[in-house]
Amino acid sequence: MGKDVIIACDFPSKEDTLSFLDKFTGRKPYVKIGMELFYSEGPAIVKEIKDRGHQIFLDLKLHDIPNTVEKAMAALSKLDVDMCNLHAAGTKDMMEAALRGLTREDGSRPLLIAVTQLTSTSQERMQKELLIDAPLDEVVTKYAQNAKEAGLDGVVCSPLESGKIHQACRESFLTVTPGVRFADGDKGDQVRVTTPEKAKELGSDYIVVGRPITKADDPVAAYERVCREFIG
Ligand code: C5P
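Residues numbered from 1 in each chain as written. Predicted model: local features only at pLDDT ≥ 70, side-chain atom pairs only at ≥ 80, totals over all residues. Heavy atoms only, no water.

Moving on, we come to the UniProt feature "active site" (unreviewed entry) in the protein. Residues annotated by UniProt as "active site" (unreviewed entry) correspond here to Asp59, Lys61 and Asp64. Secondary-structure assignment places Lys61 in strand β3 (residues 56-62). When near neighbours in sequence (up to four residues on either side) are disregarded, Lys61 contacts Met35, Asn85, Leu86, His87, Val115 and Leu118. For Asp64, the location among the structural elements is in the loop between β3 and α4 (66-77). The exposure class assigned to Asp64 is partly exposed, which follows from its relative accessible area of 41%. For Asp64, the residues in contact, after removing those within four places along its chain, are Val69 and Met94. (UniProt positions renumbered as here; feature names shortened; annotations may be inferred. Helix = DSSP H or I, 4+ residues; strand = E, 2+ residues; numbered from the N terminus. Contact = heavy atoms within 4.5 Å. Buried < 20%, exposed > 50% of the residue type's maximum accessible area, 1.4 Å probe, protein only.)

Right, here's the structure in full:
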């Protein structure tokens, strides 16, 4: 599986998203559609971006009882996205049901990856509010192993966790990593950040990059710089 850069298209509307994508005349970047855009515009936005030739990571982070997630995934499989995700906290039963739902009659399906612990969850909150006493990195690794045992393709994690997850699961188990910033860039609200070059060194398979590209004066040049540093 080749490395790729996924642009987080965190825009409020179809118009903003398409006018951003119009800037990329020569290339068709891999695009992440999240809750904001999907809930505002519905499934039609997925089809429209797909028809323009982009690969799509649909980031809806499903988490419900297995039967509900299976049915929801069956609906998502019809959208022809390339990657989608769920919360590993739903347990292996839910992840296995999701895979069943996502798999089409001909056996094909989008990649399915799991969110382990959100990077917004601190060790302190996990202990005090969720009553999980194990260290955060052990929880992340255990959730990744559960995802692998359920048959998923990989996890969303910090680039700093990629190595440990590849070791605990296997090299081909995908790590999809946000929290990427240029060495000379603004961190925004991300706390634990790495550069594209460092993410490559740490073994990330895909990096998800939003504001360093979407808010750049020249988004195409910023995207190309990320690709140069991450893919080479
Ligand atoms: O703008 P920025 O590069 O910080 O965007 C990162 C993207 O990755 C956002 O869409 C954010 O929701 C997503 N993400 C994240 N941390 C996670 C999971 C997803 O930043 N743990």
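With that out of the way, let us pick up the site of the ligand. Around the ligand, the surrounding shell consists of Ala8, Asp10, Lys32, Thr119, Pro178, Arg181, Gln190, Val208, Val209, Gly210, Arg211 and Pro212. Contact distances for the ligand include 2.8 Å between an oxygen atom and a backbone N or O atom of Gly210. The contact in question runs from an oxygen atom of the ligand to an N or O atom on the side chain of Arg211, over 2.7 Å. Relative to its unbound accessible area of 470 Å², the ligand is 82% covered by the protein chains. Counting residues per element, the ones that place at least two in the shell around the ligand are β8 (206-209) and α10 (211-214). Class assignment for the residues of the shell around the ligand results in five nonpolar, three polar and four charged. (Near = heavy atom within 4 Å. Polar contact = N/O pair within 3.5 Å; in protein donor to acceptor, adjacent residues only side chain to side chain. Areas by Shrake-Rupley, 256 points an atom, 1.4 Å probe, with all protein chains shown as cover. Nonpolar A, V, L, I, M, F, W, Y, C, P; charged D, E, K, R; others polar.)

All right, on to α4 then. Look at α4: 16 Å from first C-alpha to last across twelve residues, which is about the 16 Å you get at 1.5 Å a residue. Taken together, the buried positions of α4 are Val69, Met73, Leu76 and Ser77. End-on, the buried residues of α4 take up no more than an arc of 95 degrees, which puts them together on one face. The inward-facing, buried residues of α4 abut β3, β4 (83-87), α5 (91-102) and β5 (111-115). (Expected span 1.5 Å × (residues − 1). Arc of directions from axis to C-beta.)

This part takes up the sheet that holds strand β6 (residues 154-156). With parallel pairing, eight strands are arranged side by side around a closed barrel as β1-β2-β3-β4-β5-β6-β7-β8. Neighbour-to-neighbour, the strand axes of this sheet turn through a mean angle of 25 degrees, independent of strand direction. Pairing between strand β7 (residues 174-177) and β8: two bridges, direction parallel. Following the sheet pairing, Thr177 is matched in β8 by Ile207. (Pairing = 2+ DSSP bridges. Axes fitted to C-alpha atoms, helices over the stretch in contact; angles between N-to-C directions.)

Turning our attention to the pairing of β5. The side chains of a regular strand alternate between both faces of the sheet. Among the five residues in β5, five count as buried, and that is most of the element. Neither face of β5 is exposed, since Leu111, Ile113 and Val115 on one face and Leu112 and Ala114 on the opposite face are all buried. Once you follow β4 into α5 and on to β5, the crossover reads as right-handed. Strand direction decides the pairing type here: β5 and β6, joined by three bridges, are parallel. (Right-handed = clockwise from strand over helix to strand, strands pointing away.)

The element strand β2 (residues 30-34) is extensively covered by neighbouring structure, given that five of its five residues are classed as buried. Because side chains alternate across β2, one face comprises the buried residues Tyr30, Lys32 and Gly34, and the other comprises Val31 and Ile33, equally buried. Taken together, the three bridges between strand β1 (residues 4-8) and β2 define a ladder with parallel strand orientation. For Ile6, the partnering residue across the bridge sits in β2 and is Tyr30.

In this structure the tally under the stated criterion is 15 salt bridges. Note that Arg225 is salt-bridged to Asp184, the shortest N-O span being 3.3 Å. With Arg225 in helix α11 (residues 219-230) and Asp184 in the loop between β7 and α9 (196-202), this pair connects stretches of sequence that are 41 residues apart. The partly exposed category is assigned to Arg225, whose relative accessible area is 25%. A salt bridge links Glu201 to Lys198; its shortest N-O distance comes to 3.3 Å. A residue pair is termed a helical-turn pair when its members lie 3 or 4 positions apart in one helix, as Glu201 and Lys198 do in helix α9 at three residues. For Glu201, a relative accessible area of 61% puts it in the exposed group. By relative accessible area, Lys198 is classed as partly exposed at 35%. Through salt bridges with shared partners, one network takes in Lys32, Asp59 and Lys61. (Salt bridge = Lys/Arg side-chain N within 4 Å of Asp/Glu carboxyl O.)

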